[in-house]
Amino acid sequence: MLKDRAFGALLLATALSLPFASPSYAVATLDTALAPLQAPADDATDLDPETVRRELDSFRAARITLRQAMTIAEALHAGSTTADISFDGAAAQPVYRVKTVQRDRVWRHAINATTGEVMDHEAASPLATLDTEDQSNLLVLRALRHRLSDAVLVAERAAAGKAISGGLTREAGKLNFVIVVVSGADLKQVILEPPRARVR
């Protein structure tokens, strides 16, 4: 994902292979969360179980889904696509924090998770202000046939739940979609490799 990763991506996991849409052109893995949740070593703040429980309870009570929030944010700027989205239940009112890309600009919005109202607009940032890796990821994202919304739909079906966050990650030269899904009492991380997503 872009630099401010959602808490859901901080999971211990085991891998299971799943198809994206057709095994002939994509690879996916499903990681099932194990308890207790732990933050990576470079994260100064620990995720205590009570904080995670409150976040998940707030998410389960939300009326607006992550996919609906993406649609709302993308409709604000014609031709934009979502690059990163995460649920924030710690805000005064629970919101989805959404980053969209439109041509050479990045937009950030907060979408109310109860009403779908746009709570916060941030002025567009030029793509050139991001670091080289994020610029590269977003340029590849714009060229892909599949969108983050496609990956969210596949992940929700594969993990039998509702997505709480989604974004981009690059490992070993490959750009992947990473989606975290709430499935019953578990968090599951689904990584989807779109076709022709290899970056230099």
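Structural data are supplied above this passage.
Residue positions are counted from 1 within each chain, in the order its sequence is given. At least 70 in pLDDT is required for a residue's local features to be given in this predicted model, at least 80 for side-chain atom pairs to be given and counted, and no such filter applies to totals for whole chains, interfaces and linings, which use all residues. Hydrogens are left out, water is left out, and the side-chain values use all remaining heavy atoms of the structure.

Re the overall build of the protein
Part 1: Helix and strand content of the protein: four helices and nine strands.
Part 2: Here a helix means four or more residues in a row that DSSP labels H or I, a strand means two or more in a row labelled E, and each is numbered from the N terminus. Overall, the protein shows an N-to-C arrangement of helices and strands of β-β-α-α-β-β-β-β-α-α-β-β-β.
Part 3: Between buried and exposed lies partly exposed: a residue is buried under 20% and exposed over 50% of the maximum accessible area for its type, with that area taken using a 1.4 Å probe on protein chains only. Residues counted as buried form 48% of the 200 residues belonging to the protein.

Describing the pairing of strand β9 (residues 186-193)
Part 1: Of all eight residues in β9, six are buried; the element is thus mostly enclosed.
Part 2: Strands pair, by our definition, only if DSSP identifies at least two bridges between them. In sequence, strand β8 (residues 174-183) turns back onto β9 through a hairpin of two residues, with Gly184 there showing a positive phi of about 60°.

Brief notes about helix α4 (residues 148-159)
Part 1: Working rule for helices: expected span equals 1.5 Å times residues minus one. Between the first and last C-alpha of α4 there are 16 Å, a value that for twelve residues agrees with the 16 Å anticipated at 1.5 Å per step.
Part 2: Every buried residue of α4 is accounted for by Leu148, Ala151, Val152, Val154, Ala155, Glu156 and Ala159.
Part 3: Backbone geometry just downstream of α4 places Ala160 in the positive-phi region, at approximately 55°.

Considering the nonpolar core
Part 1: The criterion is simple. A nonpolar core is a set of buried Ala, Val, Leu, Ile, Met, Phe, Trp, Tyr and Cys residues joined through side-chain atoms within 4.5 Å. Ile85, Tyr96, Leu138, Phe177 and Ile179 are the most contacted members of the largest nonpolar core, which totals 41 residues.
Part 2: Residues are treated as being in contact if the distance between any of their heavy atoms lies within 4.5 Å. Apart from residues lying up to four places away in sequence, Ile179 is in contact with Leu148, Ala151, Val152, Ala155, Ala163, Ser165, Gly166, Lys188, Gln189 and Val190.

A look at the pattern of salt bridges
Part 1: Put simply, a salt bridge is a Lys or Arg side-chain nitrogen that is within 4 Å of an Asp or Glu carboxyl oxygen. This structure, assessed with the given rule, holds seven salt bridges.
Part 2: The partner of Arg53 in a salt bridge is Glu50, with the nearest N and O atoms 2.3 Å apart. One end of the pair is Arg53 and the other is Glu50, both in helix α1 (residues 49-61) and three residues apart, which spans about a single turn.
Part 3: The exposure class of Arg53 is partly exposed, given its relative accessible area of 41%.
Part 4: For Asp57, the salt bridge identified is with Arg53, shortest N-O distance 2.5 Å. In this pair, Asp57 and Arg53 are both assigned in helix α1, four residues apart and thus about one turn of the helix distant.
Part 5: Using a relative accessible area of 35% as the deciding quantity, one classes Asp57 as partly exposed.

Some words on the pairing of strand β5 (residues 105-112)
Part 1: Counting buried positions along β5 gives six out of eight residues, so the element sits mostly inside the fold.
Part 2: Bridging between strand β4 (residues 95-102) and β5 involves eight bridges; their strand directions are antiparallel. Bridge pairing in β5 places Val101 opposite Val106.
Part 3: Bridge count for β5 against strand β6 (residues 118-126) is six bridges, and the pairing is antiparallel. When the bridges of β6 are listed, His109 appears paired with His121.
Part 4: The antiparallel pairing of β5 with β6 creates a hairpin that spans five residues between the two strands, and Gly116 there sits at a positive phi of about 85°.

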